[in-house]
Amino acid sequence: MKSEPVASGTTRTAAAGEHEIAAHQDLTTVARGGMLNLVGVVVNTVFNFLLVVVVTRGLGGTATGIFFESIALFNIAATAAQWGADVGIVRAIPRYRALGRMADVQHSINAAIIPATLVGIAFSALLFGLAGPLGRLLTNGAHGGDLTPTLRVLAPFLPISAAYTVSLAVTRGFGTMVPSTLIDKVGKAITQPLFVFVVVLLGLSSTAIAVAWAAPFALGLAAALVCSRLLLRRNRGTIDEGQPSIGRGAVFREFWLFTTPRGLASMFSVIILWLDTLLIGALRSSAEAGVYAAATRYLSLGQFIGVAIAQVVGPKLSEVLASNDHERARSVYATTTWWLMVLAWPLYLTMIVHAPTLLSVFGPGYQQAQAIMVILGSSMLVATLVGPVDVVLLMAGKSSWNLLNTIAAVVANVVLNLILIPRFGITGAAVAWSASILLNNLLPLMQTWRIVHLHPFGRGSVIVAASSVVCFGGLGLVGREIGHGLVGPVATGLVAVPIYLAVLWRFRGPLHLAVVREALRRRGPAPVDGLIPDVPLSGELEP
């Protein structure tokens, strides 16, 4: 009679132990998958920031603005051309492989790359033909003669860029992050500033600089096509081909039925990233557009970390939410958010506190952007606090909510930009972008909290936020007062970083940081990124 409670208690204890083991494995999987991605992100961030420095130092204020305006328009057009095909192919390939339908894998690749390339060609012709009117419009009529030739030399690279992005997504669909990391985050990131530096050193024109920036897309496309072909050939012989193909037309319809809504959301996201730069040039001046675009590149330092985590957390969240295990889902969501905060909050707080010194890296005249550093940096603190919330919403099957949230953010961005830029210039643009950042994070947070019953807040949030604010906010202010120029941030770092690391070590248990150390020691392939939110991936953030 007395054995029943013991058995019941033993069962509960065993179940709790199994659940804890499963949660630990979830976090280890995410940590391992993020390691390679994070290395690539660090390289990508450093060299893309170097590219900004090369451009701002090598060109005058107006020429810098024209360069950034041309890149902004190029990125919007390239994203529109691929229309979410990169996300769609990452979903399609593993799905068809699991079903043993390798013929449909090939059909899905064609369904992704061919339309993106053809639309890219059409957009290329359109951009070339409209370069004159666009040049006058985007420079407020003052420097249309300078922007027009830059747009025309970039136009032929639109289909190349679209095919490049989708081809790299094909390799991720086969379960490897290696080609994307080596080709895009390392190879392209290094060659772009190198090529641009050589052109600037030779004293060539701004159109030559634009070609130097775009040329790595062609080199990367060749490498991506080779890798995707090798992966297709390798898997064709190892996967059961017993299942018949549903046909090219059926695969095409199936692929684009899923991809089209995601493409629309991707388009809106890249508009949010670049529209303010174009509107500043159109409503104010190209010089102001250059100052704004350069200063906002500091945001990429933290955003790329979010991309690295978002790319690997999606599949794991999809898995645990599909099994209705909300406790494991909350563990993955909350812990990865804390890891993101550990890396990003010090960067954003440093950006806010030491804005004048950091802006001086770009040369004289950029200190006027201090206000936008404070505004956008503060917004990104909030965005980081809620973590990869879009991933949670998508993996819970709420893609329509994701699209509506993005539309709301775009509408707010456009309306506020049109109202604020004419009167307040780059500060008004920063307020508009800040509002869209907050909408794009707080709306999905409320939805996931209410509908999916998940949120990222907990003890880890308090630990990371408090230690970051004290070390990099409070000590940063002290360092700024006692030292001018680079002395302030360097002195802050020498004192704040050891204290911050000591705090993280003290609370390594609640933050699950031991999982990261364990993941570093393990070997084996990192998991592939899956359905991810509309975050910049291949060149959407970098200039």
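Residues numbered from 1 in each chain as written. Predicted model: local features only at pLDDT ≥ 70, side-chain atom pairs only at ≥ 80, totals over all residues. Heavy atoms only, no water.

Our focus in this paragraph is the overall build of the protein chain. Across its full length, the protein chain carries 20 helices and zero strands. For the protein chain, with 543 residues in total, the buried portion stands at 56%. Long-range pairs, those at least 24 residues apart, make up 85% of the contacts in the protein chain with a sequence separation of at least 6. Of the roughly 21600 Å² of accessible surface on the protein chain, 69% is carried by carbon and sulfur atoms. (Helix = DSSP H or I, 4+ residues; strand = E, 2+ residues; numbered from the N terminus. Buried < 20%, exposed > 50% of the residue type's maximum accessible area, 1.4 Å probe, protein only. Contact = heavy atoms within 4.5 Å. Areas by Shrake-Rupley, 256 points an atom, 1.4 Å probe, with all protein chains shown as cover.)

What follows concerns the pattern of salt bridges. Pairs can form between side chains of opposite charge once their charged atoms are near each other. Summed over the entire model, instances satisfying the criterion amount to two salt bridges. Taking the shortest distance from any N to any O, the salt bridge between K188 and D184 comes out at 3.9 Å. Of this pair, K188 and D184 both sit in helix 7 (residues 178-201), four residues apart, roughly one helical turn. Overall, the relative accessible area of 3% leaves K188 in the buried class. (Salt bridge = Lys/Arg side-chain N within 4 Å of Asp/Glu carboxyl O.)

Turning our attention to the packing of aromatic side chains. Following the criterion strictly, the structure yields seven aromatic pairs and no others. Their ring planes at 40° and their centres at 6.0 Å tell us that F74 and F217 sit as a pair that is tilted. Pair noted here: F74 is in helix 2 (residues 61-82) and F217 is in helix 8 (residues 206-236), with a separation of 143 residues, a long-range link. In terms of burial, F74 and F217 fall into one category: buried. Ring pairs connect the aromatic residues F74, Y164, W213 and F217, which therefore count as one cluster. It is R506 that lies over the ring of F507; its NZ or CZ is 4.9 Å from the centre. (Phe/Tyr/Trp six-rings, centres within 6.5 Å; stacked < 30°, edge-to-face > 60°. Lys NZ or Arg CZ within 6 Å of the ring centre and 35° of its normal.)

Take the environment of I419 next. Topologically, I419 is positioned in helix 16 (residues 399-424). Overall, I419 belongs to the exposed group, its relative accessible area being 55%. C-alpha separation for the pair I419 and A429, spaced ten residues apart in sequence, amounts to 9.4 Å.

For the pair helix 14 (residues 370-386) and helix 17 (residues 426-452), interaxial distance at closest approach is 9 Å and the crossing angle is 5°. Between helix 14 and helix 17, the interaxial angle falls into the category roughly parallel. For the pair helix 14 and helix 17, the contacting residues are A371, I372, I375, L376, S379, M380, V382, A383 and V386 in the first and I426, T427, A430, V431, W433, S434, I437, L438, N441, L442 and L445 in the second. In the contact of helix 14 with helix 17, the residues fall into 16 nonpolar, four polar and no charged. (Axes fitted to C-alpha atoms, helices over the stretch in contact; angles between N-to-C directions. Parallel < 35°, antiparallel > 145°, perpendicular 65-115°, else oblique. Nonpolar A, V, L, I, M, F, W, Y, C, P; charged D, E, K, R; others polar.)

So, on to the environment of T150. Position of T150 among the secondary structure elements: in helix 5 (residues 144-154). For the pair T150 and I66, spaced 84 residues apart in sequence, the C-alpha to C-alpha distance is 8.4 Å. Excluding residues within four positions of it along the chain, T150 makes contact with I66, S70, S206, T207 and A210.

These values are about where atoms sit, not about what they do.
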